[in-house]
Amino acid sequence: DVKVTQSSRYLVKRTGEKVFLECVQDMDHENMFWYRQDPGLGLRLIYFSYDVKMKEKGDIPEGYSVSREKKERFSLILESASTNQTSMYLCASIPGLAYYNEQFFGPGTRLTVL
Amino acid sequence: QKEVEQNSGPLSVPEGAIASLNCTYSDRVSQSFFWYRQYSGKSPELIMSIYSNGDKEDGRFTAQLNKASQYVSLLIRDSQPSDSATYLCAVKGAQKLVFGQGTRLTINP
């Protein structure tokens, strides 16, 4: 009954490394999202994609990029990891923008940048 | 002013009592509102959605929406220890959801 998976549950990287976080959904959803979650700040949207090869910046895109080459896969890239990117990263998907009531989250990746 | 505001808590409620969680939002044109539950170390799961003014009930959960006051709440009746979690309020803007910071709820046996 797997719906949204993320490549790693825990990840430790060094400052300056290029980091790839992968998300895969098996529900044929159109829209996919990357959030980060920090204590006291809730979930903040980094990027989202409404179609293959289409992307939109969210509220905090600085220092991140994304790739969506296939409908089921949405990747978050940290070009040069910094300590302030230590966070929980959550991927989510919905069938379309009118269907947030069907949003599923992945299990999350806790990234630590040393 | 934050777009979506919640009291971060912690909110402590005795078992069997009613837990009341509140959320205010700033965008008057918002039309869709959601409550998520997040257990420690887990990802959020959707528990309620509400689109019209008034109450919407689902089992022990009731969502209440007042668009004039820009206020949405979640009531949990007969609170159980398993309801202990962080509850996130989310409001849909033009394209995306905006989340509050979450309220940590503890149900005391």
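Here, every reference points to the structure presented above.
Please read all numbers here as calculations on a predicted model, not as lab measurements.

A. Just the packing of aromatic side chains, in detail. A complete count under the given rule lists 12 aromatic pairs over all chains for this structure. Where Phe-105 of chain A meets Phe-99 of chain B, the ring centres are 6.4 Å apart and the plane angle is 70°; that geometry is what we call edge-to-face. On the criterion of chain membership, the pair formed by Phe-105 of chain A in strand S10 (residues 104–105) and Phe-99 of chain B in strand S10 (residues 97–99) is interchain, its members lying in two chains. Residue classification places Phe-105 of chain A among the buried residues on the basis of a relative accessible area of 10%. With 6.1 Å between their ring centres and 85° between their planes, Phe-34 of chain B and Tyr-51 of chain B make a pair best called edge-to-face. Here Tyr-51 of chain B lies in the loop between strand S5 (45–50) and strand S6 (54–58) and Phe-34 of chain B lies in strand S4 (residues 32–38), a separation of 17 residues in the sequence. Residue class for Phe-34 of chain B comes out buried when judged on its relative accessible area of 2%. Aromatic rings pair up to connect Phe-33, Tyr-35, Phe-48, Tyr-100 and Phe-105 of chain A together with Phe-34, Tyr-36, Tyr-51 and Phe-99 of chain B into one cluster. A cation over an aromatic ring shows up here: Lys-3 of chain A above the ring of Phe-104 of chain A, its NZ or CZ 5.1 Å from the ring centre. Lying across the ring of Tyr-10 of chain A, Arg-9 of chain A places its NZ or CZ 5.7 Å from the centre.

B. Up close: the nonpolar core. The biggest cluster of nonpolar side chains holds 24 residues, and the ones touching the most others in it are Trp-35, Val-72, Leu-74, Ile-76 and Tyr-87 of chain B. Secondary-structure elements contributing two or more residues to this core are strand S3 (19–25), S4, S5, strand S7 (61–66), strand S8 (71–76), strand S9 (85–92) and strand S11 (103–108) of chain B. With residues up to four places along the chain from it excluded, the contact list for Val-72 of chain B reads Leu-21, Asn-22, Cys-23, Phe-33, Trp-35, Ile-50, Gln-64, Leu-65 and Cys-89 of chain B. Counting 20 residues, the second-largest nonpolar core is a separate cluster that includes Val-4, Leu-11, Ile-60 and Val-113 of chain A.

C. Broad picture of the pattern of salt bridges. Residues and elements named next belong to chain A. For the structure shown, the criterion picks out 11 salt bridges over all chains. For Arg-36, the salt bridge identified is with Asp-38, shortest N-O distance 2.8 Å. Neither Arg-36 nor Asp-38 differs from the other in exposure class; each is buried. Among the charged side chains, a network of salt bridges with common partners joins Asp-28, Glu-30 and Lys-71.

D. How the structure looks around the sheet that holds strand S3 (residues 19–25) of chain A. All names here are of chain A. One open sheet accounts for 4 strands, arranged S1-S3-S8-S7; its pairing is antiparallel. Looking along the sheet, the strands with just one partner apiece sit at the ends: strand S1 (4–6) and strand S7 (64–70). Strand-to-strand twist across the sheet, computed as the mean angle between neighbouring axes with direction ignored, equals 20°. In terms of strand pairing, S1 meets S3 through 3 bridges, oriented antiparallel. Its bridge partner being in S3, Gln-6 is matched across the sheet by Cys-23.

E. Looking closely at the sheet that holds S8 of chain B. Residues and elements named next belong to chain B. The 5 strands lie next to each other as S1-S3-S8-S7-S6, forming an open sheet whose pairing is antiparallel. Of all the strands in the sheet, the pair left with one neighbour each is strand S1 (4–6) and S6. Here the strands of the sheet are splayed against their neighbours by 20° on average, with no regard to which way each runs. Where S6 lies against S7, 5 bridges are found, and the strand directions are antiparallel.

Here is what the cut-offs are and how they apply
Note on numbering: residues in each chain are counted from 1, in written sequence order. For naming, the first written chain is A and the first written ligand is 1, with later ones following in the order written. With pLDDT at 70 or above as the cut-off, local features in this predicted model cover only qualifying residues; side-chain atom pairs require 80 or more to be listed or tallied, and sums for whole chains, interfaces and linings still use all residues. To get the side-chain values, take all heavy atoms of the structure and skip hydrogens and water. Ring pairs shown here join Phe, Tyr and Trp side chains whose ring centres sit within 6.5 Å, with only the six-membered ring taken for Trp; geometry is labelled stacked below 30 degrees between planes, edge-to-face above 60, and tilted in between. Here a strand is any run of E in DSSP of at least two residues, a helix any run of H or I of at least four, and the numbering for each starts at the N terminus. To sort residues, take the accessible area from a 1.4 Å probe on protein chains only and compare it with the maximum for the residue type: under 20% means buried, over 50% means exposed, and anything in between is partly exposed. Each ring is checked for a lysine NZ or an arginine CZ that lies within 6 Å of its centre and within 35 degrees of its normal; such an atom marks a charge sitting over the ring. Buried Ala, Val, Leu, Ile, Met, Phe, Trp, Tyr and Cys residues form a nonpolar core when they are joined through side-chain atoms within 4.5 Å. The contact definition used throughout considers only heavy atoms, calling two residues in contact when any of these lie within 4.5 Å. Within this document, salt bridges are pairs made up of a side-chain nitrogen of Lys or Arg and a carboxyl oxygen of Asp or Glu, the two lying within 4 Å of each other. Criterion used throughout: strands pair if DSSP finds at least two bridges between them. As a rule, the C-alpha atoms of each element are fitted with a line to give its axis, helices using only the stretch in contact, and angles between N-to-C directions run from 0 to 180 degrees.

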